[in-house]
Amino acid sequence: MAEAGPLPPAAAPGGSPGPGPRRTRVGSEGSRPPELPAGDTRELLEEVEMQIGDAAFSLAKILEATSAVSAQVEELASKCSENARFLRTWRDLLKEGYESLKPSG
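Summarised in this report is the structure supplied together with it. (Residues numbered from 1 in each chain as written. Predicted model: local features only at pLDDT ≥ 70, side-chain atom pairs only at ≥ 80, totals over all residues. Heavy atoms only, no water.)

1. Some details on the pattern of salt bridges
Consideration 1: Taken as a whole and assessed by the stated rule, the structure comprises 3 salt bridges.
Consideration 2: Across the pair Asp 92 and Arg 91 runs a salt bridge whose closest N-O atoms are separated by 3.3 Å.
Consideration 3: Judged by its relative accessible area of 42%, Arg 91 falls in the partly exposed class.
Consideration 4: In this structure, Glu 99 engages Lys 102 in a salt bridge whose closest nitrogen and oxygen atoms are separated by 3.7 Å. (Salt bridge = Lys/Arg side-chain N within 4 Å of Asp/Glu carboxyl O. Buried < 20%, exposed > 50% of the residue type's maximum accessible area, 1.4 Å probe, protein only.)

If you want it as C-alpha coordinates, here you go:
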(Lines give C-alpha, C1' and ligand atoms only; values in the text may rest on other atoms or scores of the structure.)
Protein backbone atom coordinates (compact mmCIF):
# COMPACT_ATOMS: atom_id res chain seq x y z
CA MET A 1 0.00 0.00 0.00
CA ALA A 2 1.29 3.53 -0.75
CA GLU A 3 2.34 5.77 2.08
CA ALA A 4 0.01 8.59 3.00
CA GLY A 5 1.21 12.12 2.43
CA PRO A 6 1.24 14.82 5.07
CA LEU A 7 -2.04 15.55 6.78
CA PRO A 8 -3.98 18.61 5.59
CA PRO A 9 -3.92 21.49 8.07
CA ALA A 10 -7.45 20.79 9.34
CA ALA A 11 -6.60 17.15 10.12
CA ALA A 12 -3.14 17.78 11.58
CA PRO A 13 -2.79 17.35 15.34
CA GLY A 14 -3.55 20.60 17.09
CA GLY A 15 -5.55 21.84 14.09
CA SER A 16 -9.22 22.68 14.20
CA PRO A 17 -11.58 19.68 14.39
CA GLY A 18 -13.68 18.74 11.39
CA PRO A 19 -13.05 18.70 7.66
CA GLY A 20 -12.29 22.37 7.17
CA PRO A 21 -11.63 25.68 8.84
CA ARG A 22 -14.22 26.79 11.37
CA ARG A 23 -15.97 30.11 11.08
CA THR A 24 -16.16 32.11 14.22
CA ARG A 25 -19.13 34.28 14.94
CA VAL A 26 -18.50 37.89 15.84
CA GLY A 27 -20.76 39.21 18.55
CA SER A 28 -22.99 37.43 20.99
CA GLU A 29 -24.67 34.09 20.38
CA GLY A 30 -27.84 34.57 18.33
CA SER A 31 -26.81 37.94 16.94
CA ARG A 32 -28.31 38.79 13.54
CA PRO A 33 -26.33 39.80 10.47
CA PRO A 34 -26.30 43.51 9.72
CA GLU A 35 -29.35 44.70 7.79
CA LEU A 36 -28.82 45.58 4.15
CA PRO A 37 -30.48 48.56 2.51
CA ALA A 38 -33.72 47.62 0.71
CA GLY A 39 -32.15 48.15 -2.73
CA ASP A 40 -29.25 45.79 -1.95
CA THR A 41 -31.64 43.17 -0.59
CA ARG A 42 -33.75 43.35 -3.74
CA GLU A 43 -30.66 43.03 -5.96
CA LEU A 44 -29.45 40.03 -3.98
CA LEU A 45 -32.90 38.43 -4.18
CA GLU A 46 -33.04 38.98 -7.95
CA GLU A 47 -29.55 37.49 -8.33
CA VAL A 48 -30.52 34.42 -6.30
CA GLU A 49 -33.75 34.04 -8.29
CA MET A 50 -31.77 34.25 -11.54
CA GLN A 51 -29.29 31.62 -10.30
CA ILE A 52 -32.18 29.35 -9.29
CA GLY A 53 -33.70 29.79 -12.75
CA ASP A 54 -30.36 28.96 -14.40
CA ALA A 55 -29.99 25.89 -12.21
CA ALA A 56 -33.53 24.74 -13.02
CA PHE A 57 -32.84 25.16 -16.75
CA SER A 58 -29.59 23.20 -16.44
CA LEU A 59 -31.31 20.43 -14.49
CA ALA A 60 -34.05 20.23 -17.13
CA LYS A 61 -31.39 19.84 -19.85
CA ILE A 62 -29.62 17.15 -17.81
CA LEU A 63 -32.92 15.30 -17.33
CA GLU A 64 -33.59 15.50 -21.07
CA ALA A 65 -30.13 14.14 -21.90
CA THR A 66 -30.44 11.42 -19.26
CA SER A 67 -33.79 10.34 -20.68
CA ALA A 68 -32.33 10.13 -24.19
CA VAL A 69 -29.39 8.06 -22.99
CA SER A 70 -31.73 5.82 -21.00
CA ALA A 71 -33.78 5.09 -24.13
CA GLN A 72 -30.59 4.26 -26.04
CA VAL A 73 -29.44 1.92 -23.26
CA GLU A 74 -32.79 0.12 -23.29
CA GLU A 75 -32.56 -0.31 -27.06
CA LEU A 76 -29.00 -1.62 -26.78
CA ALA A 77 -30.02 -4.05 -24.03
CA SER A 78 -32.81 -5.36 -26.24
CA LYS A 79 -30.38 -5.90 -29.14
CA CYS A 80 -27.92 -7.66 -26.84
CA SER A 81 -30.68 -9.99 -25.63
CA GLU A 82 -31.62 -10.79 -29.23
CA ASN A 83 -27.97 -11.50 -30.08
CA ALA A 84 -27.61 -13.74 -27.02
CA ARG A 85 -30.69 -15.76 -28.07
CA PHE A 86 -29.30 -16.04 -31.59
CA LEU A 87 -25.91 -17.28 -30.32
CA ARG A 88 -27.51 -19.79 -27.93
CA THR A 89 -29.59 -21.18 -30.80
CA TRP A 90 -26.49 -21.60 -32.97
CA ARG A 91 -24.60 -23.21 -30.09
CA ASP A 92 -27.43 -25.70 -29.56
CA LEU A 93 -27.61 -26.48 -33.30
CA LEU A 94 -23.85 -27.02 -33.47
CA LYS A 95 -23.97 -29.32 -30.42
CA GLU A 96 -26.77 -31.36 -32.02
CA GLY A 97 -24.85 -31.59 -35.31
CA TYR A 98 -21.67 -32.65 -33.56
CA GLU A 99 -23.50 -35.27 -31.51
CA SER A 100 -25.19 -36.65 -34.63
CA LEU A 101 -21.80 -37.07 -36.37
CA LYS A 102 -20.21 -39.03 -33.52
CA PRO A 103 -19.90 -42.71 -34.25
CA SER A 104 -22.22 -44.72 -32.07
CA GLY A 105 -20.19 -46.93 -29.84
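There's plenty left to go through after this.
2. A look at a nonpolar patch on the surface
Consideration 1: Taken together, the side chains of Phe 86, Leu 87, Trp 90, Leu 93 and Leu 94 make up a nonpolar region of the molecular surface, amounting to roughly 570 Å² of accessible area.
Consideration 2: Here Trp 90 lies in helix H1 (residues 38–101).
Consideration 3: Taking the relative accessible area as the measure of exposure, Trp 90 reaches 45% and is therefore partly exposed. (Patch = residues over 30% accessible without salt bridge, like charges linked within 9 Å, V, L, I, M, F, W, Y side chains within 5 Å. Areas by Shrake-Rupley, 256 points an atom, 1.4 Å probe, with all protein chains shown as cover. Helix = DSSP H or I, 4+ residues; strand = E, 2+ residues; numbered from the N terminus.)

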